[in-house]
Amino acid sequence: MSDQHPALSLRGLAKRFDTKVAVAGVDLDVPAGSFYGLLGPNGAGKTTTLSMAVGLLRPDAGQAWVLGYDVWADPVRAKGLLGVMPDGVRLFDRLSGAELLAYHGLLRGMDPAVVDQRAAELLDVLALNDAGRTLVVDYSAGMKKKIGLACALLHGPRLLVLDEPFEAVDPVSAALIRDILHRYVTGGGTVVFSSHVMEVVERLCSHVAILADGRIKQVGTLDQVRGERSLEEVFVEVVGGRTATGEELSWLSR
Amino acid sequence: MAVPVTAPAEPVRQVSARHFVRLKLRVLANNFRGQGWRIALFVVGVVIGLWFAAGGFFLLAAPGLAGESRYALMIAAFGGGLLVLGWLLLPLAFFGVDETLDPARFALLPLSRRALVTGLFAAALVSVPVLATLIAVTGLVITAGALGGWPAALVELVGVIVGLLLCVAAARAVTSAFATMLRSRRVRDLAAVLLAVLAALLGPLQIAVLAAVRSADWDQLTGAARIVGWTPFGAPWTAGIDVAEGRAWAAGLKLLITALAIGALLLWWSRSLESAMVGAVSAGPSRDRRGTVGEAVAQLFPRAAGWARRDRFGALVAREARYWWRDARRRANLITIAVVGIFVPVMVNVGGARLAVEDTHAFGEVTADSSPVLVSLSLIFVGVVASLTVANQFGFDGSAYAANVVAGVPGRLELRARMTAFAIYVVPLLVAVAVILAALLRHPGWLGVMAGALFAAYGSGLAINAFVSVLGAYALPETSNPFAMNTGAGVAKSFLALLSMIASTAAAVPMVVAAALLGDLWLWLALPIGLAYGLGAALLGSYLAGDVLDRRQSELLAAVTPRR
């Protein structure tokens, strides 16, 4: 049945914090098997949107479906198909990498033997074996991203939602993560990730949505959105940035 | 010698303590913005503080108002000494310190250590407890004034202000030092043991003091007060009294002693501040955890949870069990349970026996006026305090709880697993408390009553706190200081704690009633009934609160995620 349904479908998602509207009605369809980039400047509402889409933050209005299952009405099935790597959220970081993977695996109701085998494989591929029994709290930022990704991948989800997976990651690890995600999509999975790094999005994504001020400004396949120009040009134009004139901040140069 | 090419520009204005105080006030005010309930809680806190302040004021002013000069020295020395002791120990055991201004935030600023310490110290003075203490100790100024006129009152005023500075400096220095010790992986276990021993010593100490008070006559007490008056504990408070009694030279010396003590404490504080500022990075080389990785699942389960099935429940129990030990904040709480668990029953049951001590001058008869009812009551308190630790159990996790939300862990399973993991630590502790107390009271026959009361109170407390932890969760600050608290959280915390303690105690009261009514029969029935009662209550609590949790998972996550 997952063939008829989009991997992720959002309708009218909205959220306000006190007086500030963070997300003002987002509609989005992520086709199954796509590599979807959610672009936006800082504070555009990317994290809020993704949190509402995966069941971490209750929306004020709107609905979210994962492969046809309502995230808020039927969370058990929706969450079972979903792998999530939130940003700015701690892991249970007083466990070692292997312990954390075992925890996530068992929490997903997996067979212990399968957990052991996949955990070993993931630690190996992500080059986290050297860390041994170091606690995750002592990992570097890049290693934390990698173990977070491993936790999201462990149970073999059909949809992977990643918030800023390339933030604070060195080029070597970034290439590794790109590789793994690419293989995952080739194998029939769907990836949605947020970012504000244009190069990564241009290189990876089949589809793009640009979010600003809590609304979707542009949406479509990568080629539809950027047309003849570079993605960065489109992005800056849509978001409405400004460029420095050279007059201000003169005291910075002596 | 390398000479820097570019010298940093001299700052136009020096940073003074005033900036820190204003920063703290600004942060406090911003915390209140748009949060009506926070303002309400703050007002409640102020009212409670003023209430205690007024009580203290009249107590300390009583010798002066009544014109009883012979009480003045004792009240000043012992009352003031207790105040310093309270400021020293209470933050460690129960309340934590207000870390509105986290020292780590200042690490990048070009501030001298001196400017930083004086600034943070000045900011620490801006708080409700300090205000309440100040009001209370002005009672001593009244006393000194009534007995010795204006000069004595003026000296005493200086004395109480310096004394207050001493209190705050002591609280900061000690919590900061202990936080550093608990953070450092090498000595943290040592620090934990030290703290527990220190608190365990309070019990016997109190017995000794009570016995001494009973047997001592008036002159000995005055002598003791004089001695305390020359230590930093009593020095600031007795300075004005000395002037009133015609020893002006002593007042000067005592103020000097206090000033030296404050200086020493601030120096100590500044040392441990430095390590707090550079944060967890310098927490010493981490214990060598390299070594073989082995099977992931086998690694997750500590030996204490080795019996658990390798499924969702087992994983939750194993992770919680690991966290109770690895998280400094949680471990500090476990220590508190051990401390309170031993200290309170000993105090109540042995302290109540002072008449016997006076009559016979022997500890052999200390059990004279203790009874199964009294023992049950004091142990119910212990069980309630033990369960109170999990009143904010999701707050310990912070945003990491997102992992459980994403995995869709059912609420009942979650709560049952958390109770089980906590029990792995607490149940042996409670058994130890019962055994130690039975041995101390020389009433091994009461062991069943004691354990029964403990387990009944602990179980029903877990049930109540399951609800409190789901409905009343709040975020803990993400600092490495296990004693740190968010501003305003103090009142909320105390309020919820009080509520949960009243409810838990009420739930365990049938055990006391049974002890009073059933007499000797209860000695045999207490343990099985208490166990069943506690277990049943805990299961029922997890069952009902689990439903609430299922509906509130994302709200709970938002509540425990620290604002950034």
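To be clear, the structure that these remarks concern was listed above.
Residues numbered from 1 in each chain as written. Chains lettered and ligands numbered in written order. Predicted model: local features only at pLDDT ≥ 70, side-chain atom pairs only at ≥ 80, totals over all residues. Heavy atoms only, no water.

Peer 1: Any chance you could explain the interface of chain A and chain B here in plain terms?
Peer 2: Bring the parts together and some accessible area is lost; that lost area is often taken as the interface size. Every contact between the two is made by 39 residues of chain A and, on the other side, 43 residues of chain B. Buried area between chain A and chain B, summed over both chains or domains, comes out near 3,700 Å², and the portion from carbon and sulfur atoms is 60%. The three residues of chain A that bury the most area against chain B are Phe92, Leu107 and Arg133 of chain A, which together make up 19% of that side's buried surface. Summed over the shared surface of chain A and chain B, the number is three salt bridges. Notably, a salt bridge pairs Glu555 of chain B with Arg58 of chain A, separated by 2.5 Å at the nearest N-O pair. Along the contact surface separating chain A from chain B lie 15 residue pairs in polar contact (both at pLDDT 80 or more). (Contact = heavy atoms within 4.5 Å. Buried area = accessible area lost by both parts, 1.4 Å probe. Salt bridge = Lys/Arg side-chain N within 4 Å of Asp/Glu carboxyl O. Polar contact = N/O pair within 3.5 Å; in protein donor to acceptor, adjacent residues only side chain to side chain.)

Peer 1: Just to check I follow, could you spell out the pairing of strand 1 (residues 8-17) of chain A for this structure?
Peer 2: Remark: a regular strand shows side chains that alternate across the two faces of the sheet. Residue and element names in this part refer to chain A. Where strand 1 and strand 2 (residues 20-30) come together, eight bridges link them in antiparallel fashion. The partner of Ser9 across the bridge, within strand 2, is Asp29. From the end of strand 1 to the start of strand 2, which pair antiparallel, there are two residues, and Asp18 there has a positive phi angle of about 50°. The pairing of strand 1 with strand 4 (residues 61-66) spans five bridges and is antiparallel. The residue bridging Leu10 from the neighbouring strand is Ala64, located in strand 4. (Pairing = 2+ DSSP bridges. Helix = DSSP H or I, 4+ residues; strand = E, 2+ residues; numbered from the N terminus.)

Peer 1: Just checking my understanding: could you explain the sheet that holds strand 3 (residues 35-39) of chain A for this structure?
Peer 2: Strand pairing in a sheet is mediated by backbone hydrogen bonds. Such pairs are either parallel or antiparallel. All names here are of chain A. Taken in spatial order, the six strands of this open sheet run 6-7-8-3-9-10, and their pairing is mixed. One side of each edge strand has no neighbouring strand; the edge strands of this open sheet are strand 6 (82-85) and strand 10 (215-221). Each strand of the sheet is rotated relative to its neighbour by a mean of 15°, with strand direction disregarded. Alignment of strand 3 against strand 8 (residues 190-195), held across five bridges, turns out to be parallel. (Axes fitted to C-alpha atoms, helices over the stretch in contact; angles between N-to-C directions.)

Peer 1: Could you clarify how one ought to interpret the packing of helix 1 (residues 17-32) of chain B against helix 4 (residues 113-124) of chain B in this entry?
Peer 2: The description of two packed helices rests on the angle between their axes and on the distance between the axes. Residues and elements named next belong to chain B. In the contact formed by helix 1 and helix 4, the axes pass within 8 Å of each other and the chain directions differ by 40°. Classed by the angle they form, the pair helix 1 and helix 4 counts as oblique. As helix 1 runs across helix 4, the sense of the crossing is right-handed. Counting all contacts with helix 1, which are made through Ala17, Phe20, Val21 and Lys24, the residues of helix 4 involved are Ala115, Leu116, Thr118, Gly119, Leu120, Ala122, Ala123 and Ala124. For the contact of helix 1 with helix 4, the class distribution of residues is nine nonpolar, two polar and one charged. (Parallel < 35°, antiparallel > 145°, perpendicular 65-115°, else oblique. Left-handed = near helix turned anticlockwise from the far one by under 90°. Nonpolar A, V, L, I, M, F, W, Y, C, P; charged D, E, K, R; others polar.)

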